[in-house]
Amino acid sequence: MTSFPLLAPHKWRPLGAAWAIALLSSLAVLFVGEVMGQAPCDLCWFQRSFMFPLAIILGIAAFKSDRAIVPYGLALAAGGGLVAFYHSLLYVGVIPAPVVPCTGGPSCSGESMAIGGVPLPLLSLAAFALILILLLNFQRRLKS
């Protein structure tokens, strides 16, 4: 295993922030699904499949000071961001198709599928976008 010189702590802040967003997002959707009993739609499940691994791998990378995580984190965040973007376009009506739940739960277009008045598809898009921006910032800091 290659040993890397330690970076100044401020260079690792974007990675820590990206992990915090992924962890908070994962915990929030688990709360909505498991505590509030709101069944996720298919597109929500796809987004979760990208967010949950981000919470794990970014956390491990932040605590182990592993700079090699960037391409993997970017790939997961971009994949989830694309699904969230499509889901958001469906939600706002740009793409004319209903957002149907995968089991008898509510549609993502319902009022109960919002946190702080912001719909879950748009929150997901914002979370993936922030993670992408933070990982790109981290990558830039590594090169300087």
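Here the structure is a predicted model, which is why all the values come from computation and not from measurement. (Residues numbered from 1 in each chain as written. Predicted model: local features only at pLDDT ≥ 70, side-chain atom pairs only at ≥ 80, totals over all residues. Heavy atoms only, no water.)

Trainee: Looking at this model, I keep getting lost on the nonpolar core. Mind explaining?
Mentor: Looking at soluble globular proteins, one finds that nonpolar side chains tend to be buried together. Judged by nonpolar contacts, the single largest core of 22 residues is most densely connected at Leu15, Ala22, Met51, Leu54, Leu58, Ile131 and Leu135. Among the elements that line this core, the one with the most residues is helix 4 (residues 120–143), at seven residues. Look past the residues within four positions of leucine 135 in its chain and what remains in contact with it is Leu15, Ala18, Leu58, Val70, Gly73 and Leu74. Grouped together as the second largest cluster of nonpolar side chains are five residues, Cys41, Leu43, Cys44 and Leu90 included. (Core = buried A, V, L, I, M, F, W, Y, C linked by side-chain atoms within 4.5 Å. Buried < 20%, exposed > 50% of the residue type's maximum accessible area, 1.4 Å probe, protein only. Helix = DSSP H or I, 4+ residues; strand = E, 2+ residues; numbered from the N terminus. Contact = heavy atoms within 4.5 Å.)

Trainee: For this particular structure, what's the right way to read a nonpolar patch on the surface?
Mentor: Taken together, the side chains of Leu23, Leu27 and Leu30 make up a nonpolar region of the molecular surface, amounting to roughly 240 Å² of accessible area. As for its placement among the helices and strands, leucine 23 is situated in helix 1 (residues 9–35). When its relative accessible area of 32% is taken as the criterion, leucine 23 is described as partly exposed. (Patch = residues over 30% accessible without salt bridge, like charges linked within 9 Å, V, L, I, M, F, W, Y side chains within 5 Å. Areas by Shrake-Rupley, 256 points an atom, 1.4 Å probe, with all protein chains shown as cover. Salt bridge = Lys/Arg side-chain N within 4 Å of Asp/Glu carboxyl O.)

Trainee: Help me understand the packing of helix 2 (residues 42–64) against helix 4, please; the structure alone is not making it clear to me.
Mentor: Helix-helix packing is characterised by the crossing angle of the two axes and by the distance between the axes. Two numbers describe how helix 2 lies on helix 4: the axes approach to 12 Å, and their chain directions differ by 40 degrees. Seen from above, helix 2 lies across helix 4 with left-handed handedness. Contacts between helix 2 and helix 4 pair Gln47, Phe50, Met51, Leu54 and Leu58 from the former with Ser124, Ala127, Phe128, Ile131 and Leu135 from the latter. Of the residues belonging to the contact of helix 2 with helix 4, the class tally is eight nonpolar, two polar and no charged. (Axes fitted to C-alpha atoms, helices over the stretch in contact; angles between N-to-C directions. Left-handed = near helix turned anticlockwise from the far one by under 90°. Nonpolar A, V, L, I, M, F, W, Y, C, P; charged D, E, K, R; others polar.)

Trainee: Help me out: how do you make sense of the packing of aromatic side chains in this one?
Mentor: Aromatic rings in a pair are described by how distant their centres are and how their planes are angled relative to each other. Scanning the model with the defined rule gives one aromatic pair in all. Ring geometry for tryptophan 19 versus phenylalanine 63: centroids 5.3 Å apart, planes at 80 degrees, classification edge-to-face. Taken together, the residues tryptophan 19 in helix 1 and phenylalanine 63 in helix 2 connect sequence positions 44 residues apart. By relative accessible area, tryptophan 19 is classed as partly exposed at 22%. (Phe/Tyr/Trp six-rings, centres within 6.5 Å; stacked < 30°, edge-to-face > 60°.)

Trainee: Is there a simple way to think about helix 2 in this case?
Mentor: Within an α-helix, residues lying three or four positions from one another point in the same direction, as the helix has 3.6 residues per turn. For helix 2, spanning 23 residues, the distance from its first C-alpha to its last is 34 Å, which sits close to the expected 33 Å at 1.5 Å a residue. Within two residues after helix 2, serine 65 carries a phi angle of roughly 55 degrees, on the positive side. (Expected span 1.5 Å × (residues − 1).)

Trainee: How should helix 4 be read in this particular structure?
Mentor: Under the 1.5 Å per step criterion, the end-to-end length of helix 4 is 35 Å for 24 residues, consistent within 8% with the ideal 34 Å. When we look at burial in helix 4, the residues that qualify are Leu120, Pro121, Ser124, Ala127, Phe128, Ile131, Leu134, Leu135, Phe138 and Leu142.

Trainee: Help me out: how do you make sense of the packing of helix 2 against helix 3 (residues 70–92) in this one?
Mentor: Taken N-terminus to C-terminus, the directions of helix 2 and helix 3 make an angle of 155 degrees; their axes are 9 Å apart at the nearest point. If you check the angle between helix 2 and helix 3, you find them roughly antiparallel. Crossing geometry of helix 2 relative to helix 3 is assigned as left-handed. Counted together, Leu43, Cys44, Phe46, Gln47, Phe50, Pro53, Leu54 and Ile57 of helix 2 and Tyr72, Gly73, Leu76, Ala77, Gly79, Gly80, Val83, Ala84, Tyr86, His87 and Leu90 of helix 3 form the full contact between these two elements. Taken together, the residues of the contact of helix 2 with helix 3 sort by class into 14 nonpolar, five polar and no charged. (Parallel < 35°, antiparallel > 145°, perpendicular 65-115°, else oblique.)

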